[in-house]
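Inside the fold
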Number of protein chains: 6
Amino acid sequence: MRIDGREPFELRPIKFQRGFSRYAEGSVLVEWGNTKVLCTASVEDKVPPFMRGTGKGWISAEYSMLPRSTHQRTQRDISKGKPNGRGTEIQRLIGRSLRAAVDMTRLGEKTIWIDCDVLQADGGTRTASISGGFVALFDALRWMVSCSMIEKIPVRTQIGAVSAGKVCGMPMLDLCYEEDSSADVDANIIMTSEGEFVELQGTGEGGVFSRSELDEILSLGWKGICEIHRMQAEALEMTEAEKALFLR
Amino acid sequence: MRIDGREPFELRPIKFQRGFSRYAEGSVLVEWGNTKVLCTASVEDKVPPFMRGTGKGWISAEYSMLPRSTHQRTQRDISKGKPNGRGTEIQRLIGRSLRAAVDMTRLGEKTIWIDCDVLQADGGTRTASISGGFVALFDALRWMVSCSMIEKIPVRTQIGAVSAGKVCGMPMLDLCYEEDSSADVDANIIMTSEGEFVELQGTGEGGVFSRSELDEILSLGWKGICEIHRMQAEALEMTEAEKALFLR
Amino acid sequence: MRIDGREPFELRPIKFQRGFSRYAEGSVLVEWGNTKVLCTASVEDKVPPFMRGTGKGWISAEYSMLPRSTHQRTQRDISKGKPNGRGTEIQRLIGRSLRAAVDMTRLGEKTIWIDCDVLQADGGTRTASISGGFVALFDALRWMVSCSMIEKIPVRTQIGAVSAGKVCGMPMLDLCYEEDSSADVDANIIMTSEGEFVELQGTGEGGVFSRSELDEILSLGWKGICEIHRMQAEALEMTEAEKALFLR
Amino acid sequence: MRIDGREPFELRPIKFQRGFSRYAEGSVLVEWGNTKVLCTASVEDKVPPFMRGTGKGWISAEYSMLPRSTHQRTQRDISKGKPNGRGTEIQRLIGRSLRAAVDMTRLGEKTIWIDCDVLQADGGTRTASISGGFVALFDALRWMVSCSMIEKIPVRTQIGAVSAGKVCGMPMLDLCYEEDSSADVDANIIMTSEGEFVELQGTGEGGVFSRSELDEILSLGWKGICEIHRMQAEALEMTEAEKALFLR
Amino acid sequence: MRIDGREPFELRPIKFQRGFSRYAEGSVLVEWGNTKVLCTASVEDKVPPFMRGTGKGWISAEYSMLPRSTHQRTQRDISKGKPNGRGTEIQRLIGRSLRAAVDMTRLGEKTIWIDCDVLQADGGTRTASISGGFVALFDALRWMVSCSMIEKIPVRTQIGAVSAGKVCGMPMLDLCYEEDSSADVDANIIMTSEGEFVELQGTGEGGVFSRSELDEILSLGWKGICEIHRMQAEALEMTEAEKALFLR
Amino acid sequence: MRIDGREPFELRPIKFQRGFSRYAEGSVLVEWGNTKVLCTASVEDKVPPFMRGTGKGWISAEYSMLPRSTHQRTQRDISKGKPNGRGTEIQRLIGRSLRAAVDMTRLGEKTIWIDCDVLQADGGTRTASISGGFVALFDALRWMVSCSMIEKIPVRTQIGAVSAGKVCGMPMLDLCYEEDSSADVDANIIMTSEGEFVELQGTGEGGVFSRSELDEILSLGWKGICEIHRMQAEALEMTEAEKALFLR
């Protein structure tokens, strides 16, 4: 029995509240159990130096936790004078995952900034950020189409992310903070709607895991991601034309 | 006629949503027109070095804007590598204002951190932070009483804050971003429930203002603060005993 | 009776020693009681990014204290690795105050840097910086005229600044460090020669103040600023033509 | 056919030169094809703040590339003023991987610092760092035993790491820089001598990969890691008693 | 003929104005031609970590230039976010030179901070800082004696510093900025009153110099330092007992 | 008798292993007794801002020690958040010394970066860096000639560096760490093949030294530098034409 009464293969209640931010080109407040992440997508009319002149666009993600999103207050990065290592690792993962969804050659020399700010953290903030980041990104791309900055939405695939792991010897989907803290194995799985991997990170959390344990976890993850894809599509109120983008 | 149809002496709709954060000892989401600020109060069991051994407590405020709380995305402090000057000025003001409310000698050697994170900015973020910060602080002090860390709430006075100014020659209460941008005079007024000033900052915004203009603005401000005090008390569901704290 | 024998409405002895720096376009060593501030004005042939292409100029102030300008040695900002919060707040105030004096549209795309370095601090360093900064700025503008960079001095008004407050229940002008440390109220008042406010900052210093106390303090402040304006004009050896700049 | 003539399942020539550093408690220069990483292990007689008083030890890794370890010179972190994001991600991976090998409760309150400095980079620097880091760590633990700081080597398992991926549709083991640059999938696999995973990171590098592709890659990885474990053991000239540490 | 009419072996006019700072334990404003450096000595009741528990004291120097001490305004270190390389080099030289003068074992666990802030720079700021730093240090040591912190002044020798070089093929003492800018050789010479070297730094400034050129320069330097020692002693109004400190 | 059995005038065994780095335009691993420094020279197709438009080139040096190059592990600069003062001083010396060797007007608007990374430190790292830096620089210039970026090698003179000092009253050449730690005098001497000084830095290391001691040390230094020049030329396998560059 899980701490919050869920079945092993059960996601926490997930809500994507689009349009939370009045100014951003795309935005969503993700509530995922007790985890709350505000994801915004901002379109900027230039690319980083290493992309200039290529005609291609870029997607850059930033991830940060509010000081009291956690059980104990944590100091802000700027007070410590340096970026947080864990946050750096996570924002790089978000960026890579979302870039996999978009055809940069059709974006023009624009940067889309995905800001993921954790208002409350109860485990799974990185997968909530990726799943919500996709929603905000999609809305920003719609906005670009509506402004005639691009002709059509240059998305190749839908991206969903979830964690899965093994706690007290039992495979579980979507770990909350307490489960995560005592997990034997913890994996973050990022997949397309076709069931292919975009990123996969598994860690023994101080222990180790076998290939068959990995298999179980990946199966659980795929199950969860299917649901997340469905919830994203619903929240985005996707048209048939939009859904067809993902058919290859 | 004001841009959003308000009377000159009229506040925007204000909502204090207490308990927004699950972990903080006190927290409130302030919605003040289109301005949204999340204020949390965190109790820490030590004081800054300059207060050690004095037996007294401390209140420290931090203020930050999410990158896309504004019309244009702004870079995070940590990406620029240095704190934002405006933010530094504002968090010092929040800290001074709230410290004025509390008798530090009765707090014990604790720090209360007030974190004000702007989710959306439409003018008046510093006064929303102070007004909301007071609510979060009050809840944190109640929590300390409930934990027997202190015997009674060591608050001397209620603190409310509002902006007032002169736009196109007309005195106005509670400027929104567009009014603020074109204001001739802009003042931030922080007052007790007894009608005394805690802090007062008036600026000609590139122009100047006369003493009689100041008088008009202060009168408007006092009017607004009375309403804010009432809304804070209501949101806090203050008992008669708590209200009596402020009677001197 | 005040600690240094002054009357409540009496300024400390003030001296503006112009031309202290050989290289700066304008410079003044302000000796204000035991407070000593070196103000220099430097003309730079460009503006900050946010002003480029506007045809307008900019004035930027920086404020810093030498490590041993104070009773106890304080660490340099660069040793701590971050700017000092109080200094940031003060330099923003100096900048805003002096920008109010100048018509930026007539300055061309130049920046005038006002550097205020406190050699010795005995209270009132920010008002000494603003009052001295005006003198240095004026000399730099004269230099610009003499170089034909601008046609005439684009100053709209004379700017003077002073502190006033209430110490042990008594209103006092121009607080020295010891008075400031025990003040009930402390205000920094920045005014034009026409008696209008440019900036006004009052703080209860952990306490509160009433509107009538504010009135008393503002009256004292105005009295002091009149004298400061006179001393600035004298130090600047203003011609009648220059004085006429301020008549509107 | 691979760029350097290797078979798909073939590792580059690997050499562990132990004792490269005269002062470190453990050290090894790893030459892995054209990749050269200097790994040192330093024993420090204290633990980070969050571990104090637990009686347990800690392993902390740092990873950095010399400016001209790469095709183009890269700026040092200290010149840019902030840590490199990729380096941060890598050093966190090294630390987690090696901590999985050691029973911290038997280490005492010591920190072992694993410094991985890349002298030359031709792909696979993170897996070379982990594989070499294990060797340096093992020697440092032997030194601790020889100093009677610990009774026996508290290692639970041998740790080896390798990359594997898919380049031009073909699964390949141990990608060099040029292969890595054009890979469709790239995985870093860290495993014990029992064939269990410690960490697993797979990325679509802007594309995606299927579960069967993952399976192929993991099989290749396991093959490579077996050889690496053998080379580590040989380089370490492990006694039978030491080898027995890993039997469970 | 030199640019300012001096003879090759002639120092610029030098003035040591002691007691410039009201709060510092020792202070002097050095005016050395157009170079002006404010040197303060501050006594702190602790030593840096690496000296704790040794019973010995320490002397630490910091050197900085005001932004407009130079022909062109230079940015402050804190605005650039990192210490200035040249300043770092200079303050290390000042520290080493002054530490050579003092018997640290007789100082107790105190740090004396020597702050050298350049108000105006016209060449020779490092030698003016060392020469003035010695005066400020001596006064701080007298203050320590007067407070009974130490029994007698633990100074082993008087320290003076001067630059000398070769400009347009001619050996010259005490280069001003313009001479320094076009010098073939430039040396900074720091010597005791017994004519021994404490530090010596010679640089070809992009060229080279022969041993006989070095000899000429050192002879000029020694001549200058004799005068500086005399001026320091005079400024310090040294008693016979104090002068006797330096006789060995 | 010296600690490692050398004669007072004897260098440690020195080896210049050219081409250590596969990618750098010039590189050398210097082994100098137990000191090991990796020097690389990187050609960059631009100059620093202050040189732009001059048509001249620039040489910039960076010096850093690996964390465990020393007896005790030292923290990385980036972890401390600021550059190391000693390192800053040393890299400035390396840069000045090597710039003296090259005619910048014949280099074109290129920067040559000399990176000196200390793999193991046993005294004399700065002179090893300069001596090795010259070798790497020379190879990079040859590469530039081979690429037709320049017509001929614009080197004016060969640069060698060595330390010499007085330990326990005895003059010694090329101090190792233990000698350096107990030296009365320590000098770093940088000279051309014609026997002229490029830079000279002597320090009393807390004591003082006389002119005749300086003379002894300089004579020892010259002797050592002659051998270093010979070893550099040999390592570089200089052609007669190249040797002729240095004849003037």
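Scroll up to find the structure.
Residues numbered from 1 in each chain as written. Chains lettered and ligands numbered in written order. Predicted model: local features only at pLDDT ≥ 70, side-chain atom pairs only at ≥ 80, totals over all residues. Heavy atoms only, no water.

**Focus: the overall build of chain A**
Across its full length, chain A holds six helices and nine strands. In summary, chain A has a C-alpha radius of gyration of 18 Å against a globular reference of 18 Å for 248 residues, a match within 12%. Dimensions of chain A, computed from C-alpha atoms along their principal axes, come out at roughly 55 × 45 × 30 Å. Taken over 248 residues, chain A has a buried fraction of 62%. Pairs at least 24 residues apart make up 71% of the contacts formed inside chain A by residues separated by at least 6 positions. (Helix = DSSP H or I, 4+ residues; strand = E, 2+ residues; numbered from the N terminus. Rg over C-alpha atoms; globule rule 2.2 N^0.38 Å. Buried < 20%, exposed > 50% of the residue type's maximum accessible area, 1.4 Å probe, protein only. Contact = heavy atoms within 4.5 Å.)

**Observations regarding the pairing of strand β5 (residues 111–120) of chain C**
Residue and element names in this part refer to chain C. Burial within β5 is extensive, with ten of its ten residues counted as buried. With nine bridges joining them, strand β3 (residues 35–44) and β5 adopt antiparallel strand pairing. Within β5, the residue paired with A41 across the bridge is I114. Where strand β4 (residues 58–65) and β5 come together, eight bridges link them in parallel fashion. Each residue of the ladder has a partner; that of Y63, found in β5, is C116. (Pairing = 2+ DSSP bridges.)

**Overview of the relation of the copies chain B and chain A**
Once turned by 180° and shifted 0.0 Å along the axis, chain B lies on chain A with an RMSD of 0.0 Å. Classification of the inter-copy transformation places it as that of a two-fold axis. Residues of chain B ranked by C-alpha distance from the rotation axis are headed by I78(B), positioned 2.6 Å from it. With an isologous cut-off of 70% or more, the 100% of interface residues of chain B that recur at the interface of chain A puts this contact in the isologous class. (Least-squares fit on C-alpha atoms with pLDDT ≥ 70 in both.)

**Some words on helix α3 (residues 125–146) of chain F**
In an α-helix, one turn spans 3.6 residues; hence positions three or four apart end up facing the same way. Residue and element names in this part refer to chain F. Its 22 residues give α3 an end-to-end C-alpha distance of 31 Å, which sits within 8% of 32 Å, the value for a rise of 1.5 Å per residue. Among the 22 residues that make up α3, 19 are buried, leaving the element largely enclosed by the rest of the structure. Note on α3: the residue one or two positions beyond its end, S148, has a positive phi of about 60°. (Expected span 1.5 Å × (residues − 1).)

**Concerning unusual backbone geometry**
Residue E237(A) is not a glycine yet carries a positive backbone phi of 45°. Here the phi dihedral of C168(F) falls at roughly 50°; this positive angle occurs in a residue that is not glycine. Assignment of secondary structure puts C168(F) in the loop between β6 (159–167) and β7 (170–173).

**A few points about the packing of aromatic side chains**
For the structure shown, the criterion picks out 18 aromatic pairs over all chains. If you follow K36(D) out to its NZ or CZ, it ends over the ring of F20(F), 4.0 Å from the centre. (Phe/Tyr/Trp six-rings, centres within 6.5 Å; stacked < 30°, edge-to-face > 60°. Lys NZ or Arg CZ within 6 Å of the ring centre and 35° of its normal.)

**Things to note about the packing of helix α5 (residues 211–235) of chain E against helix α5 (residues 211–235) of chain F**
Here α5(E) crosses α5(F) at 160°, and the two axes come no closer than 13 Å. By the angle class used here, α5(E) and α5(F) are roughly antiparallel. With respect to the hand of their crossing, α5(E) and α5(F) are arranged in right-handed fashion. When α5(E) is examined against α5(F), the residues R211(E), L214(E), D215(E), L218(E) and S219(E) are found in contact with a partner set consisting of R211(F), L214(F), D215(F), L218(F) and S219(F). In the contact of α5(E) with α5(F), the residues fall into four nonpolar, two polar and four charged. (Axes fitted to C-alpha atoms, helices over the stretch in contact; angles between N-to-C directions. Parallel < 35°, antiparallel > 145°, perpendicular 65-115°, else oblique. Left-handed = near helix turned anticlockwise from the far one by under 90°. Nonpolar A, V, L, I, M, F, W, Y, C, P; charged D, E, K, R; others polar.)

**Things to note about the sheet that holds strand β4 (residues 58–65) of chain D**
All names here are of chain D. If you walk across this open sheet you meet the five strands as β1-β2-β3-β5-β4, and the pairing is mixed. With one partner strand each, in any of the chains shown, β1 (14–18) and β4 form the two edges of the open sheet. Recorded for the sheet is a direction-independent mean angle of 15° between the axes of neighbouring strands. The strands that helix α2 (residues 85–99) touches are β4 and β5 (111–120); relative to β4, the one it contacts most, it runs at about 145°. Its contacts with the sheet put helix α5 (residues 211–235) on β1 and β2 (26–32), and the angle it makes with β1 is roughly 25°.

**Here's the deal with the interface of chain B and chain A**
Facing 36 residues of chain B, the contacting portion of chain A comprises 36 residues. Buried surface at the junction of chain B and chain A, summed over both partners, amounts to about 2900 Å²; 51% is from carbon and sulfur atoms. Here chain B and chain A share twelve salt bridges between them. Here D115(B) ties to R76(A) by a salt bridge, and the two come within 2.8 Å at their closest N and O atoms. (Buried area = accessible area lost by both parts, 1.4 Å probe. Salt bridge = Lys/Arg side-chain N within 4 Å of Asp/Glu carboxyl O.)

**Structural notes on the side chain of R126(C)**
Residue and element names in this part refer to chain C. Within the secondary structure, R126 is located in helix α3 (residues 125–146). Among buried Asp, Glu, Lys and Arg side chains, R126 stands out as unpaired, with E89 the closest opposite charge at 4.0 Å. For R126, the contacting residues outside a window of four places in its chain are R86, E89, I90, L93, N188 and Q201. (Lys, Arg positive; Asp, Glu negative; His and termini not counted.)

**Here we look at the sheet that holds strand β6 (residues 159–167) of chain E**
One open sheet accounts for eight strands, arranged β7(E)-β6(E)-β8(E)-β9(E)-β9(F)-β8(F)-β6(F)-β7(F); its pairing is antiparallel. Lying at the two open borders of the sheet, with one neighbouring strand each, are β7 (170–173) of chain E together with β7 of chain F. Ignoring strand direction, the axes of neighbouring strands in this sheet form an average angle of 15°. Relative to strand β9 (residues 197–203) of chain E, strand β8 (residues 183–192) of chain E runs antiparallel, the two sharing six bridges.

**A few points about the environment of S97(A)**
Residues and elements named next belong to chain A. Position of S97 among the secondary structure elements: in helix α2 (residues 85–99). Taking the C-alpha atoms as reference points, S97 and C39, 58 residues apart in sequence, are found 15 Å from one another. When near neighbours in sequence (up to four residues on either side) are disregarded, S97 contacts I130, I159, I190, V198 and E199.

**Things to note about the side chain of T125(D)**
Residues and elements named next belong to chain D. Inspection of the secondary structure assignment puts T125 in helix α3 (residues 125–146). Judged by its relative accessible area of 5%, T125 falls in the buried class. Among the polar contacts listed, one links the side chain of T125 to the side chain of R86, at a separation of 3.5 Å. Not counting residues up to four positions away in its chain, the partners in contact with T125 are T35, V37, Y63, R86 and V118. (Polar contact = N/O pair within 3.5 Å; in protein donor to acceptor, adjacent residues only side chain to side chain.)

**Looking at the environment of D174(C)**
Residue and element names in this part refer to chain C. Note that D174 resides in the loop between β7 (170–173) and α4 (177–181). Accessibility expressed as a relative area gives 0% for D174, which makes it buried. For D174, the contacting residues outside a window of four places in its chain are R2, R6, E10, L11, R12, W32, V162, S163, A164 and E179.

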